[in-house]
Amino acid sequence: MIEVTTLAPFGIALGICVLSWRLNAIQKHPFWSYSTVSSLLFSLMLLSGSLCFLMGTEELTPLYILVPVFGAAAAHFQSIATRKFSEMIHSPLEKMKTLLRKDIVVVGESAVLTTEFIRRITTWVGVENIAAVLTKHARSNPLFRGCKVKDSTLDTPTMIKNIQNIDGKRGTGVVFTSFLKLHDDLFGLCETMMSGEDITELFEDSLAAVYSQHGEGVYVYGLPLLLHRRVFEPLLASCTPECLEEVNARIRGLEKEEPLMRTLEVKNGKIELEEFYRGLARLNPDEMMERIIFVFSQLGNVFSSVKNKALTRKSERLLSKTVSHLTEKHPALTKYGVVKLMSKGVELSGFCRVLGVGESYLIKRPEKHDLEVLEYVIKHDLPALHITTSRPPNLQRENISKNVKTLWLSKLDVKGAVSPSALDILRDTVDNFITQNRGATVVLDGLEYLMLENGHEITVKFLYDLVSMAGVKRARLIVPIDPKAFTPSQLAQLERFLIPIS
Amino acid sequence: MMGFDTIRVIVLLITPLGLYFWTKCTLNYLQITRYFRNPGSWRWTLIAMLGIFGAYFTWLAYLLTGENFLWMGFVVFGVMGTLPFLLGNLESYLSLRKVAR
């Protein structure tokens, strides 16, 4: 009877089959569908194998033949599954990226971006010219070595093979700089047919298109290049030699605060992004975006604080235009506080003023509590938590965007309602939401009601907790109020830890 | 009704085909492990592949020799060939569910 334990592997294999099926439901990728079939066949092989042990070998039945048949079929399907998996790596999906090696992900993202850019410029510069550029890089660059040039698209599988031969620590840097050189040549090729502004526009369109399929990772490579072309190249073009010296001196002064600044020093009238990308590649992927924005905001401040007033004005104008443009065309960047690119002391217009991450704002606007910023996050499907006193019909925003969660401050025991006196529940809800959603927006609309229910002191303590959470977890807190509902001293107290916006 | 030796011969004839597919599959897995940031669970997959080979050959030895004690090898190799896959899938399922949320 003890031979019954031979059924144990069959039971485990059945578990694999169920999990593969569930994983296929989440990820909807052929790897999991083929794995489900394969694990089912594999469990049948183990079942028939176990039954053979239970029946003995005195009289063999055709059941014995099923073991190798199911086994071979299971291996065949698993082999297809692994091949599909390799294909998925060539253009990694958002959900996969956290599992894959950083350099492999960067190859996939940069290749997808470049292919999209090539697709957009092909009609202008011609297939032959693009093929010539790609062939040149395939001969000279270790990342592109041996890549076949076909229909102006990049040979990602070969690139992924090539990256295996490059030292793992240098891999990401090599990918960034290789693509930078390729883009330089492609931009150069386009310059014969169109203006620099148009080329940047096409590159930016490619970035926005690729983002929608492959997520925010594409900005790690794309944003520095975009900012360089949109803001810093025109600024450098209008710099005198004395001005360049001043810029370099200021950059060197910031090195201690941000080591990456050193890589942006101006040499021969140009900023070489190669060094910057090599430095960027050494960072943890989670901190790359915020560091890019921080470094370029510092660079913007350098240009805005030089003695040459004309350059200062030009810098502020270009940065203001670029930031407004980026918030409109690339809303995902607001999660990383792209508005911080704006020079110190220069105010943005409209709702852009409340888009900084890690900041908390007090909006003194009694007549219109329906905030533009909330409309903006809903429109662009950004994560937001709206805590409001509005009655249920107004909560239908919840259905407009899956990323916007609405909580109704009410004592009624209904779905989506939280009692205004349950500050602990509110605090935990906000904490969970901003932990799970990077760069989330929390709108607390109903501070007056919370004060009525809990008293001024307790509500201010609660608000202070939210401000700290938003600061630490890089979210933004927006508190719209009616100033007439507060005494001057209460208002002054709120303004001490919230940035007042009138 | 098939004869005693016919079944053994058929099994032995199909075995190389199975071996070919399992080897191809193992090589694919070896390739995949190189793509991962943390290839831990994928390396366990290779142990699982060895387990599958082990379980199949123990079963084949049982078929050819008729030695009953070989069921123990089948269980040990069978568990070795399935458990890493189960744990790997469970890990992926839990992390993907977290990401999906």
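Below or above, wherever it landed, is the structure these notes cover. Just so it is clear, the model here is predicted, and its values are computed rather than measured.

### A short note on the overall build of chain B
Then, number 1: From N to C terminus, chain B includes three helices and zero strands.
Then, number 2: Along its sequence from the N terminus, chain B presents helices and strands in the succession α-α-α.
Then, number 3: Across the 101 residues that make up chain B, the buried fraction comes to 44%.
Then, number 4: When the accessible surface of chain B is split by element, carbon and sulfur atoms take 70% of a total near 5400 Å².

### Topic: the overall build of chain A
Then, number 1: If you tally the helices and strands in chain A, you get 19 helices and nine strands.
Then, number 2: Structurally, chain A occupies a C-alpha span of about 95 × 70 × 40 Å along its principal axes.
Then, number 3: Within chain A, buried positions represent 56% of all 502 residues.
Then, number 4: Residue pairs at least 24 apart in sequence account for 66% of intrachain contacts in chain A once pairs closer than 6 positions are excluded.
Then, number 5: A total accessible area of about 21900 Å² is found for chain A, and carbon and sulfur atoms account for 55% of it.
Then, number 6: Separation of charge centres in chain A, based on 59 positive and 56 negative side chains, amounts to 3 Å.

### Some points on the nonpolar core
Then, number 1: Residues A:Phe179, A:Phe296 and B:Trp59 are the most contacted members of the largest nonpolar core, which totals 159 residues.
Then, number 2: With twelve residues, helix H9 (residues 218–237) of chain A is the single largest residue contributor to this core.
Then, number 3: Beyond its immediate sequence surroundings of up to four residues, A:Phe296 is in contact with A:Pro224, A:Leu227, A:Phe232, A:Leu264, A:Leu273, A:Phe276 and A:Leu341.
Then, number 4: In this structure, A:Val418, A:Val467, A:Ala470 and A:Leu477 belong to the second largest nonpolar core, which totals 34 residues.

### A look at the interface of chain B and chain A
Then, number 1: In this assembly, 50 residues from chain B lie in contact with 60 residues from chain A.
Then, number 2: Our count for the chain B to chain A interface comes out at zero salt bridges.
Then, number 3: At the boundary of chain B with chain A, the tally comes to seven residue pairs in polar contact (both at pLDDT 80 or more).
Then, number 4: Broken down by secondary-structure element, the contributors of at least two residues to the side of chain B that touches chain A are helix H1 (4–33), helix H2 (40–65) and helix H3 (70–100) of chain B.
Then, number 5: Taken together, the residues that form the side of chain B that touches chain A break down as 34 nonpolar, eleven polar and five charged.

### Comments concerning a negative patch on the surface
All names here are of chain A.
Then, number 1: There is a patch of like negative charges on the surface, built from Asp184, Glu191, Glu233 and Glu272.
Then, number 2: Take Glu272: it is sitting in the loop between strand E2 (270–271) and helix H11 (273–281).
Then, number 3: Residue classification places Glu272 among the partly exposed positions, given a relative accessible area of 38%.

### Here we look at the environment of B:Leu90
Then, number 1: In this fold, B:Leu90 is placed in helix H3.
Then, number 2: Overall, the relative accessible area of 38% leaves B:Leu90 in the partly exposed class.

### Notes on the pairing of strand E5 (residues 404–409) of chain A
Residue and element names in this part refer to chain A.
Then, number 1: Burial of E5 is extensive: five of the six residues sit out of reach of the surface.
Then, number 2: Two elements, strand E4 (residues 384–388) and E5, share five bridges in a ladder whose sense is parallel. Looking at the pairing, Ile387 lines up with Leu407 of E5.
Then, number 3: Where E5 and strand E6 (residues 417–418) come together, two bridges link them in parallel fashion. From the neighbouring strand, Trp408 faces E6, where its bridge partner is Ala417.

### A few points about a nonpolar patch on the surface
Residues and elements named next belong to chain A.
Then, number 1: Residues Val4, Leu51, Leu54 and Met55 make up a contiguous nonpolar surface patch of roughly 300 Å² in combined accessible area.
Then, number 2: Examined against the element boundaries, Leu54 turns out to sit in helix H2 (residues 30–55).
Then, number 3: Taking relative accessible area as the criterion, Leu54 reaches 39% and is therefore assigned partly exposed.

### Notes on the pattern of salt bridges
All names here are of chain A.
Then, number 1: A full pass over the atoms with the stated rule returns 23 salt bridges over all chains.
Then, number 2: One salt bridge connects Glu201 with Lys329, and the closest N-O pair in it is separated by 3.4 Å. With a gap of 128 residues between them, Glu201 in helix H8 (residues 196–214) and Lys329 in helix H13 (residues 309–329) connect regions that are remote in the sequence.
Then, number 3: Lys329 sits in the partly exposed class, given a relative accessible area of 27%.
Then, number 4: Arg438 is the salt-bridge partner of Glu290, the closest N and O atoms lying 3.6 Å from each other. Taken together, the residues span a long stretch of sequence, with Glu290 in helix H12 (residues 285–304) and Arg438 in the loop between helix H16 (423–436) and strand E7 (441–445) at a distance of 148 residues.
Then, number 5: A relative accessible area of 34% means that Arg438 is categorised as partly exposed.
Then, number 6: Here the salt bridges do not stand alone but share partners, grouping Glu197, Glu201, Glu204, Asp205, Arg230 and Lys329 into one network.

### Some details on the packing of aromatic side chains
Residues and elements named next belong to chain A.
Then, number 1: All chains considered together, the criterion is met by 24 aromatic pairs over all chains.
Then, number 2: Each residue in the set Phe176, Tyr221, Phe232, Phe276, Tyr277, Phe296 and Phe303 is aromatic and connected to the rest through ring pairs, giving one cluster.
Then, number 3: Above the plane of the ring of Trp21 lies Arg22, whose end atom (NZ or CZ) is 5.5 Å from the centre.
Then, number 4: Directly above the aromatic system of Phe187 lies the positively charged group of Arg229, at a separation of 4.2 Å from the ring centroid.

### Digging into the sheet that holds strand E3 (residues 360–364) of chain A
Hydrogen bonds between backbone atoms are what pair the strands of a sheet, whose relative direction is either parallel or antiparallel.
Residues and elements named next belong to chain A.
Then, number 1: Spatially, E6-E5-E4-E7-E8-E3-E9 is the arrangement adopted by the seven strands of the open sheet, whose pairing is parallel. A single partner strand is all that each edge strand has here, and the edge strands are E6 and strand E9 (499–501).
Then, number 2: The sheet contact formed by E7 and strand E8 (residues 476–481) spans three bridges and is parallel. Each bridged residue has a counterpart across the sheet, and for Val442 the counterpart in E8 is Leu477.
Then, number 3: Contacts from helix H14 (residues 372–379) reach E4, E5, E7 and E8, with the element oriented near 140 degrees to E4.
Then, number 4: Strands in contact with H16 are E4, E5, E6 and E7; relative to E4, the strand with the most contacts, it is inclined by about 160 degrees.

### Section: the packing of H8(A) against H9(A)
All names here are of chain A.
Then, number 1: Running from N to C, H8 and H9 point in directions that differ by 160 degrees, and their axes come no closer than 10 Å. As judged from the angle between their axes, H8 and H9 are roughly antiparallel. H9 is crossed by H8, and the crossing has left-handed handedness. Across from Gly196, Glu197, Ile199, Thr200, Glu201, Phe203, Glu204, Leu207, Ala208, Val210, Tyr211 and His214 in H8, the residues of H9 making contact are Val218, Tyr219, Gly222, Leu223, Leu225, Leu226, Arg229 and Arg230.
Then, number 2: Considering only residue class, the contact of H8 with H9 consists of eleven nonpolar, four polar and five charged.

### Concerning helix H18 (residues 456–472) of chain A
All names here are of chain A.
Then, number 1: End to end, H18 covers 24 Å across 17 residues, agreeing with the expected 24 Å (1.5 Å per residue, within 8%).
Then, number 2: Buried positions along H18 lie against E3, H16, E7, helix H17 (447–454), E8 and helix H19 (488–497).
Then, number 3: Arg474 lies just past H18 and shows a positive phi near 55 degrees.

About the thresholds
Residues numbered from 1 in each chain as written. Chains lettered and ligands numbered in written order. Predicted model: local features only at pLDDT ≥ 70, side-chain atom pairs only at ≥ 80, totals over all residues. Heavy atoms only, no water. Helix = DSSP H or I, 4+ residues; strand = E, 2+ residues; numbered from the N terminus. Buried < 20%, exposed > 50% of the residue type's maximum accessible area, 1.4 Å probe, protein only. Areas by Shrake-Rupley, 256 points an atom, 1.4 Å probe, with all protein chains shown as cover. Contact = heavy atoms within 4.5 Å. Lys, Arg positive; Asp, Glu negative; His and termini not counted. Charge placed at Lys NZ, Arg CZ, Asp CG, Glu CD. Core = buried A, V, L, I, M, F, W, Y, C linked by side-chain atoms within 4.5 Å. Salt bridge = Lys/Arg side-chain N within 4 Å of Asp/Glu carboxyl O. Polar contact = N/O pair within 3.5 Å; in protein donor to acceptor, adjacent residues only side chain to side chain. Nonpolar A, V, L, I, M, F, W, Y, C, P; charged D, E, K, R; others polar. Patch = residues over 30% accessible without salt bridge, like charges linked within 9 Å, V, L, I, M, F, W, Y side chains within 5 Å. Pairing = 2+ DSSP bridges. Phe/Tyr/Trp six-rings, centres within 6.5 Å; stacked < 30°, edge-to-face > 60°. Lys NZ or Arg CZ within 6 Å of the ring centre and 35° of its normal. Axes fitted to C-alpha atoms, helices over the stretch in contact; angles between N-to-C directions. Parallel < 35°, antiparallel > 145°, perpendicular 65-115°, else oblique. Left-handed = near helix turned anticlockwise from the far one by under 90°. Expected span 1.5 Å × (residues − 1).

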